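Coordinate analysis (summary)
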Amino acid sequence: MIDFSAWDTLLRRYVDDQGRVDYHAWQTEQPQALNTWLAGLAELELSAEADRPRQLAFWLNIYNACTIATVLQRYPLDSIQPQILGQPNWLAFVWFFVRPAHRIARRLLSLNQIEHGILRQQFADPRTHFALVCASLGCPLLRRGAYWPEQVDAQLDEDSRRFINNPEKVRYDSLTHTLSCSKIFQWYRADFLKIAPSIPEYIRAYRETGEFIRYAPQIAYLPYDWSLNQRKSW
């Protein structure tokens, strides 16, 4: 069994209830703790016969841990999409996601490969889009604790409800019949439509506000905030 307790302890210490990470304190107090845990997984033999919850929890934890490890290597920074003369530095942005930098289970992987080559292909579960955190404020809130095989389905449902009921990510204007939602629903539209007939129908399944979202509302996508999901402790 893979032990996620070290990762869980780090999240509980350095992440608040709003998904903000105290990178400064993490870097100052335990700069090698996360890399040490990840290094212990470099030569792991992950059996293809491992059950779905075990593999799903593993790769969700790995993606988020590798993201934070990459930020800690470069911290301080204000965004994973840095600017040069007021324009996005797309080379640095692509480097963050595409560079194969993490040896996990005997494979050298990038964040892009973990998300698209493993999680989306093997599990085809759109709820993972509410669990994967790219270290920006536009992302879902980083969970303050690890994913566990025996809890992962319930945790993903909780993540989905938390995201869809967050007015910063999804909101409905009954006067204009406009459903404004995160660009995650635009970027991964095909994944959601494998589960529901439309984006509004998928969202309705998790809404807890009691509001009636009109059939076939106009859909607008909210600006995505690439600012770092940091909590400053100084």
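Our subject is the structure that appears above.
Residues numbered from 1 in each chain as written. Predicted model: local features only at pLDDT ≥ 70, side-chain atom pairs only at ≥ 80, totals over all residues. Heavy atoms only, no water.

Some words on the packing of helix H4 (residues 52–74) against helix H7 (residues 152–164)
Close contact between H4 and H7 brings their axes to 10 Å; oriented N to C, the two are set at 50°. With respect to H7, the element H4 is oriented oblique. Together, Arg-52, Pro-53, Leu-56, Ala-57 and Leu-60 of H4 and Val-152, Asp-153 and Leu-156 of H7 make up the contact between the two elements. Here the contact of H4 with H7 is composed, by residue class, of six nonpolar, no polar and two charged. (Axes fitted to C-alpha atoms, helices over the stretch in contact; angles between N-to-C directions. Helix = DSSP H or I, 4+ residues; strand = E, 2+ residues; numbered from the N terminus. Parallel < 35°, antiparallel > 145°, perpendicular 65-115°, else oblique. Contact = heavy atoms within 4.5 Å. Nonpolar A, V, L, I, M, F, W, Y, C, P; charged D, E, K, R; others polar.)

Focus: empty space enclosed by the protein
Taken as a whole and judged by the stated rule, the model has three cavities of 30 Å³ or more. Roughly 60 Å³ of volume is contained in the largest cavity. Per-class residue counts for the lining of the largest cavity are four nonpolar, one polar and three charged. Lining the second largest cavity are Thr-70, Trp-95, Phe-96, Arg-99, Ala-101, His-102, Ser-110 and Leu-111. Broken down by class, the residue content of the lining of the second largest cavity amounts to four nonpolar, three polar and one charged. (1 Å grid on protein atoms, 1.4 Å probe; cavity = no way out; pocket = protein on both sides within 12 Å on 5 of 7 lines; lining within 4 Å. Points joined across faces, edges and corners; volume = space filled by probe spheres on them.)

Considerations on the packing of aromatic side chains
For the structure on display, the rule yields 18 aromatic pairs. Residues Tyr-14 and Trp-26 carry aromatic rings whose centres are separated by 5.1 Å and whose planes lie at 20° to one another, so their mutual orientation is stacked. Of this pair, Tyr-14 sits in helix H1 (residues 5–14) while Trp-26 sits in helix H2 (residues 23–29), placing them twelve residues apart in sequence. Owing to a relative accessible area of 2%, Tyr-14 belongs among the buried residues under this scheme. What links up through ring pairs into an aromatic cluster is the set Phe-130, Phe-163, Phe-185, Phe-192, Tyr-202 and Tyr-206. (Phe/Tyr/Trp six-rings, centres within 6.5 Å; stacked < 30°, edge-to-face > 60°. Buried < 20%, exposed > 50% of the residue type's maximum accessible area, 1.4 Å probe, protein only.)

As for the sheet that holds strand E7 (residues 218–221)
As summarised here, the arrangement of the three strands in space is E5-E6-E7, forming an open sheet in which the pairing is mixed. The sheet is open, and its two borders are formed by strand E5 (170–173) and E7, each paired with just one other strand. Across the sheet, the mean angle separating the axes of adjacent strands is 20° when strand polarity is ignored. In terms of strand pairing, E5 meets strand E6 (residues 178–181) through four bridges, oriented antiparallel. Paired with Asp-173 across the bridge in E6 is Thr-178. (Pairing = 2+ DSSP bridges.)

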